[in-house]
Amino acid sequence: MATSFSSSFQTILRPSQQISLTLLSNPSSLGLCSNLCPRIPSLLRAIPSQFSQFSTKPSSAPLTPITSQIASETPKEVFPGRIGFLGVGIMGAPMAQNLIKAGCDLTVWNRTKSKCDPLLQMGAKYEPSPKEVALACDITFSMLADPQSAADVADGEHGAASGMGPGKGYVDVSTVDGATSKLISERISATGALFLEAPVSGSKKPAEDGQLIFLTAGDQSLYERIAPLLDIMGKSRFYLGEVGNGAAMKLVVNMVMGSMMASFSEGLLLSEKVGLDPNVLIEVVSQSAISAPMYSTKGPSMVKAAYPTAFPLKHQQKDLRLALGLAETVSQPTPIAAATNELYKVAKSLNLGDQDFSAVIEALKAKLQ
């Protein structure tokens, strides 16, 4: 029976799904690296009881992310419906471009309409308000700069919620606090539509290359529905459960990143102060156990006091502030992040908010003068 069941399913499954079926019917193959195994498709989770030898107990753990290997080896699927994108700034524009390049039917909106022009030239449509984008589309993404902007675009005057309804989905990829994400979720869900928060880890270059990491939470059916779209824009995706978990994960990640950059800045200045070549420090760090792509990417321009914007400093400081607020809700001490936040505030006071967050090194230079 097991053989005939497997054969019959092979005829209706896509190649990536056939891999999952092979794993189920041949346990010895589970020794393969888990990073190379796609998720078991939802239709296999509904296998009749007479085939129970193929099923496993459901896990309460978060779903395994689709890795960059899967994203590069599996052909991208074009979403069968219209997609909206609200906010096409440093991050939103390249994300939207990748959707268009993949053949998606995209409609865009931005407060400054001129920022939409390159996308319109690529074939995107335009609507004059978030409401009209949501009305015209099946799935609407939003990428806004801060919690207030995200809330206004979702539920303000002519906001997206006014155009949502049953059968539609709203995916907020902005970095906001959990309270804001839950508020947006409530407004969208009240219309009968589905909501997913999906903040991204990555800056301008990963967005351009389709190498973002999506930290999602909310309606799982919507997550599964838009998975092909996330795979177009990113290299991996995590489903983290209830709304608020995605926001929390992103804030923790950016808290660590901001602290790393501040410490790296101190090291560059100290090496130069004691007569060492900071460029050599970058090479040493890049070959050591503390190596991180951020150091080798940002370091050379920092030595030249150049800070081309990939992730604005003002947004890094905003995320540190939100992370400190998150820590406060659970009485978690964060002395390093708190000190780091003060340094970024100094950098903002020096009018460096629109520079890359690596410009925080200038705040340290100012303290030395």
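Criteria and cut-off values
Residues numbered from 1 in each chain as written. Predicted model: local features only at pLDDT ≥ 70, side-chain atom pairs only at ≥ 80, totals over all residues. Heavy atoms only, no water. Helix = DSSP H or I, 4+ residues; strand = E, 2+ residues; numbered from the N terminus. Contact = heavy atoms within 4.5 Å. Areas by Shrake-Rupley, 256 points an atom, 1.4 Å probe, with all protein chains shown as cover. Buried < 20%, exposed > 50% of the residue type's maximum accessible area, 1.4 Å probe, protein only. Polar contact = N/O pair within 3.5 Å; in protein donor to acceptor, adjacent residues only side chain to side chain. Axes fitted to C-alpha atoms, helices over the stretch in contact; angles between N-to-C directions. Parallel < 35°, antiparallel > 145°, perpendicular 65-115°, else oblique. Left-handed = near helix turned anticlockwise from the far one by under 90°. Nonpolar A, V, L, I, M, F, W, Y, C, P; charged D, E, K, R; others polar. Core = buried A, V, L, I, M, F, W, Y, C linked by side-chain atoms within 4.5 Å. Salt bridge = Lys/Arg side-chain N within 4 Å of Asp/Glu carboxyl O. Arc of directions from axis to C-beta. Patch = residues over 30% accessible without salt bridge, like charges linked within 9 Å, V, L, I, M, F, W, Y side chains within 5 Å. pLDDT = per-residue confidence, 0-100. Expected span 1.5 Å × (residues − 1). Right-handed = clockwise from strand over helix to strand, strands pointing away. Pairing = 2+ DSSP bridges. Phe/Tyr/Trp six-rings, centres within 6.5 Å; stacked < 30°, edge-to-face > 60°. Lys NZ or Arg CZ within 6 Å of the ring centre and 35° of its normal.

(A) Here's a closer look at the overall build of the protein. Along the backbone of the protein there are 16 helices and nine strands. Excluding contacts between residues fewer than 6 apart, the proportion of contacts in the protein whose partners are at least 24 apart in sequence is 66%. A total of about 17600 Å² of accessible surface is found on the protein, and carbon and sulfur atoms cover 56% of it.

(B) Broad picture of the side chain of Ser 259. Note on placement: Ser 259 falls in helix H11 (residues 245-273). For Ser 259, a relative accessible area of 15% translates into the label buried. Engagement of the side chain of Ser 259 in a polar contact is seen with the backbone oxygen of Met 255, the distance being 3.0 Å.

(C) A look at the packing of H11 against helix H14 (residues 313-329). Relative orientation of the contacting elements H11 and H14 amounts to 120 degrees, with a least axis distance of 8 Å. As judged from the angle between their axes, H11 and H14 are oblique. Once H11 is placed against H14, the crossing between them reads as left-handed. Taken together, the residues of H14 that come into contact with H11 (itself represented by Ala 248, Leu 251, Val 252, Asn 254, Met 255, Met 257 and Gly 258) are Gln 316, Asp 319, Leu 320, Leu 322, Ala 323 and Leu 326. Looking at the contact of H11 with H14 residue by residue, the classes come out as nine nonpolar, three polar and one charged.

(D) Inspection of the nonpolar core at higher detail. Core analysis: the biggest nonpolar cluster contains 35 residues, and Phe 85, Met 95 and Phe 141 have the highest contact counts within it. Where this core is concerned, the elements lending two or more residues are strand E1 (82-86), helix H4 (92-101), strand E2 (105-109), strand E4 (139-142), strand E8 (212-218) and helix H10 (220-233). At seven residues, the largest contribution of residues to this core is made by H10. For Phe 85, the residues in contact, after removing those within four places along its chain, are Gly 92, Met 95, Ala 96, Leu 99, Leu 106, Thr 107, Val 108, Trp 109, Val 133, Phe 141, Met 143 and Met 233. Grouped together as the second largest cluster of nonpolar side chains are 31 residues, Met 255, Phe 264, Leu 268 and Leu 364 included.

(E) Highlighting the pattern of salt bridges. Counted by the stated rule, this structure contains nine salt bridges. The partner of Lys 205 in a salt bridge is Asp 209, and the shortest N-O contact between them spans 2.6 Å. Remark: Asp 209 and Lys 205 occur in helix H9 (residues 204-209); sequence separation between them is four residues, near one turn of the helix. Residue Asp 209 is classed as partly exposed on the basis of its relative accessible area of 42%.

(F) The arrangement of helix H16 (residues 361-368) in detail. Turning to H16, its buried residues number three or more, namely Ile 361, Ala 363 and Leu 364. The arc that holds the buried residues of H16, viewed along the axis, is 155 degrees, so those residues lie on one side. On its buried side, H16 packs onto H11, helix H13 (293-303) and helix H15 (335-349).

(G) Focus on a nonpolar patch on the surface. Judged by side-chain polarity, Val 252, Val 256 and Leu 326 come together as a nonpolar surface patch covering roughly 200 Å² of accessible area. Along the chain, the position of Leu 326 falls in helix H14. The partly exposed category is assigned to Leu 326, whose relative accessible area is 30%.

(H) Seen up close, the confidence of the model for the protein. Confidence in the prediction for the protein averages 85 pLDDT; 79% of positions are at 70 or higher. Here residues 1-77 scores under 50 on pLDDT; set against residues more than four positions off or in separate chains, the count is 78 contacts.

(I) Just H14, in detail. The terminal C-alpha atoms of H14 lie 25 Å apart, and with 17 residues this matches the ideal 24 Å at 1.5 Å per residue to within 8%. Within the sequence span of H14, burial applies to Leu 313, Gln 316, Gln 317, Lys 318, Asp 319, Leu 320, Leu 322, Ala 323, Leu 324 and Ala 327. For H14, the secondary structure elements touched by its buried residues are helix H7 (147-155), H11 and H15. Of the residues flanking the end of H14, it is Ser 331, one or two places downstream, whose phi is positive at about 55 degrees.

(J) Spatial organisation of the pairing of E2. Buried residues dominate E2, accounting for four of its five residues. Note on the crossover from E1 through H4 to E2: the handedness is right-handed. Pairing of E2 with strand E3 (residues 125-126), which is carried by two bridges, proceeds in the parallel orientation. Residue Val 108 lies in a different strand from E3, and its bridge partner there is Tyr 126.

(K) Structural detail: the packing of aromatic side chains. A full pass over the atoms with the stated rule returns five aromatic pairs. Positioned over the ring face of Tyr 126 is Lys 113, at 4.6 Å from the centre of the ring.

(L) Seen up close, unusual backbone geometry. For Ala 305, which is not glycine, the phi torsion reads 60 degrees and is therefore positive. With respect to the secondary-structure elements, Ala 305 resides in the loop between H13 and H14. At Asn 351, a residue that is not glycine, the phi angle is positive and equals roughly 65 degrees. Note on placement: Asn 351 falls in the loop between H15 and H16.

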